[in-house]
Amino acid sequence: MERALKNTADDITDFGGIEFCIWDQGAGRMNVKEAYLALREGTLVDDEWSVGQVLPGVYPKTFTVINNAAEEVTLTIAKSVMTDTQGVVAGNWITVPASITVPAEATATFDAVMSVPAAAAAGTYFGYVILGDITIPVSVNVIQPVDHLTAVDITGTVDEDAALGDQIFYTLSLEAGIANLSLSLKWLDVANDLHMILYNPLGEAAASSLTAERPEVISVDSPVPGKWTVARRTWDLLPRLVETYTLTVDATGT
């Protein structure tokens with residue numbers, strides 16, 4: 001039922017008639033009638049593809065397509081580019097076949113592949129696969145590996161103020177043998193204010209930097225190995241401004 005409701009949901013538009021991004025509106029507005037018809041005589045498919053927290057590499061996914069109609073159906077398959085959380089194009093990471101034919105009242109499968117390039121910066125990326133008239137959201141969280149020699153800059157942009165709850169999360173995979181983990185968050189305009197919170201592998205807030213100054217700085221001695229999460233939070237941002245920030249990750253060994 002959930003699959004049917006999401007596959008057949010209507011897109012939501014703003015007052016100007018422009019459709020909201022699938023990541024802003026979710027599946028859309030429920031259309032119970034269309035969901036019922038899809039269950040009886042329509043086409044259904046997996047309603048999302050969450051690749052998860054991964055390092056650069058190749059990640060396959062098998063989609064199952066259900067044809068509830070009394071006739072065979074052939075559907076086109078398309079895909080988008082992947083973008084970061086601010087809509088900046090990251091690349092053409094998704095591979096899908098051109099079409100699929102599903103027998104009457106039966107199922108068929110097709111394989112999609114997510115190829116995260118070695119140069120991909122840490123962060124969350126979004127895209128979608130389109131099967132016929134069904135849009136399937138796709139997401140992947142690229143992890144930043146951190147060892148005792150790591151010194152890396154992660155750059156991003158922000159264009160929402162704190163009232164909109166803008167947060168971006170970065171996952172750091174810490175190896176053993178790190179004596180100190182240092183994080184620095186800086187940005188261009190001194191009139192803006194960004195904050196930073198660091199969560200340990202248990203999901204607990206281990207440290208934070210919530211000042212009115214720049215850069216925001218966090219330092220943790222002898223961090224345990226595992227997946228740590230950095231939250232970049234907007235506290236104050238000039239209206240209609242796009243701010244560029246840099247998160248520097250620096251680790252030293254024992």
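Before any of the text, the structure's been laid out above.
From a predicted model like this one, the values you see are computed outputs, not experimental measurements. (Residues numbered from 1 in each chain as written. Predicted model: local features only at pLDDT ≥ 70, side-chain atom pairs only at ≥ 80, totals over all residues. Heavy atoms only, no water.)

Engineer: When you look at the overall build of the protein chain in this model, what are you seeing that I'm missing?
Structural biologist: Per the secondary structure count, the protein chain includes three helices and 20 strands. Within the span of the protein chain, comprising 254 residues, buried residues form 41% of the whole. Sequence-distant contacts, at least 24 apart, represent 71% of the contacts inside the protein chain between residues at least 6 apart. With the model as given, the accessible surface of the protein chain reaches about 13100 Å², and the carbon-plus-sulfur share is 53%. (Helix = DSSP H or I, 4+ residues; strand = E, 2+ residues; numbered from the N terminus. Buried < 20%, exposed > 50% of the residue type's maximum accessible area, 1.4 Å probe, protein only. Contact = heavy atoms within 4.5 Å. Areas by Shrake-Rupley, 256 points an atom, 1.4 Å probe, with all protein chains shown as cover.)

Engineer: Looking at this model, I keep getting lost on the sheet that holds strand β14 (residues 167–174). Mind explaining?
Structural biologist: Strand pairing in a sheet is mediated by backbone hydrogen bonds. Such pairs are either parallel or antiparallel. Across the sheet, which stays open at both edges, the five strands sit in the order β12-β14-β19-β16-β17 with mixed pairing between neighbours. Edge positions in the sheet fall to β12 (144–146) and β17 (205–209), since each of these pairs with one other strand and no more. Neighbour-to-neighbour, the strand axes of the sheet open up by a mean angle of 25°, direction not taken into account. With seven bridges connecting them, strand β16 (residues 193–199) and strand β19 (residues 226–236) associate as antiparallel partners. Across the sheet, the residue bridging to M196 is R232, located in β19. (Pairing = 2+ DSSP bridges. Axes fitted to C-alpha atoms, helices over the stretch in contact; angles between N-to-C directions.)

Engineer: How should I be thinking about the packing of aromatic side chains in this particular structure?
Structural biologist: Throughout the structure, instances matching the rule amount to three aromatic pairs. Here the aromatic rings of W93 and Y125 are separated by 4.9 Å at their centres, their planes lie at 55°, and the arrangement is tilted. Placement of the pair is W93 in the loop between β6 (89–91) and β7 (94–95) and Y125 in strand β10 (residues 123–131), with a sequence separation of 32 residues. Accessibility expressed as a relative area gives 5% for W93, which makes it buried. Taken together, the aromatic side chains of W49, F63 and F110 make up a single cluster linked through ring pairs. In this structure, K61 packs its charged tip against the face of F63, placed 5.3 Å from the ring centre. (Phe/Tyr/Trp six-rings, centres within 6.5 Å; stacked < 30°, edge-to-face > 60°. Lys NZ or Arg CZ within 6 Å of the ring centre and 35° of its normal.)

Engineer: Would you explain the nonpolar core in this entry?
Structural biologist: Where a protein is soluble and globular, its nonpolar side chains tend to be buried together. Within the largest apolar cluster, 28 residues are counted, with the highest numbers of intra-cluster contacts made by W93, I100, M114 and V140. At the level of secondary structure, the elements contributing two or more residues to this core comprise β2 (49–54), β3 (57–67), β4 (73–79), β8 (99–102), β9 (106–116), β10 and β11 (134–142). Sequence-distant contacts of M114, defined by excluding residues within four places in its chain, comprise W49, V51, G57, V58, Y59, M82, W93, I94, V138 and V140. In this structure, L194, V220, L237 and A251 belong to the second largest nonpolar core, which totals 25 residues. (Core = buried A, V, L, I, M, F, W, Y, C linked by side-chain atoms within 4.5 Å.)

Engineer: I keep staring at unusual backbone geometry and nothing clicks. Help me out?
Structural biologist: The bulk of non-glycine residues show a negative phi, and the bulk of peptide bonds are trans. R214 connects to P215 through a cis peptide bond whose omega is 0°. One non-glycine residue, E105, lies in the positive phi region at around 50°. Note that E105 resides in the loop between β8 and β9. The exposure class assigned to E105 is exposed, which follows from its relative accessible area of 61%. Backbone geometry places S222, a non-glycine residue, at a positive phi of 50°. Residue S222 is classed as exposed on the basis of its relative accessible area, which comes to 55%.

Engineer: When you look at the environment of T74 in this model, what are you seeing that I'm missing?
Structural biologist: Within the element layout of this structure, T74 appears in strand β4. Distance from T74 to V102, taken between C-alpha atoms, is 6.3 Å for residues 28 residues apart in sequence. With residues near it in sequence (within four places) discarded, T74 still touches S99, I100 and T101. Engagement of the side chain of T74 in a polar contact is seen with the side chain of T101, the distance being 2.9 Å. (Polar contact = N/O pair within 3.5 Å; in protein donor to acceptor, adjacent residues only side chain to side chain.)

Engineer: Is there a simple way to think about the pattern of salt bridges in this case?
Structural biologist: Two side chains carrying opposite charge are able to pair once their charged atoms lie near each other. Enumeration over the complete set of coordinates arrives at one salt bridge. The shortest N-O distance in the salt bridge between K61 and D46 comes to 3.4 Å. With K61 in strand β3 and D46 in the loop between β1 (43–45) and β2, this residue pair connects regions lying 15 residues apart in the sequence. D46 sits in the buried class, given a relative accessible area of 16%. (Salt bridge = Lys/Arg side-chain N within 4 Å of Asp/Glu carboxyl O.)

Engineer: I would appreciate a short explanation of the sheet that holds strand β18 (residues 216–221) in the present structure.
Structural biologist: One open sheet holds the four strands; their spatial order is β13-β20-β15-β18, and the pairing between them is antiparallel. Edge positions in the open sheet fall to β13 (151–158) and β18, since each of these has one partner strand only. Strand-to-strand twist across the sheet, computed as the mean angle between neighbouring axes with direction ignored, equals 15°. Where strand β15 (residues 178–187) meets strand β20 (residues 243–253), nine bridges bridge the pair, whose relative direction is antiparallel. Following the sheet pairing, L181 is matched in β20 by A251.

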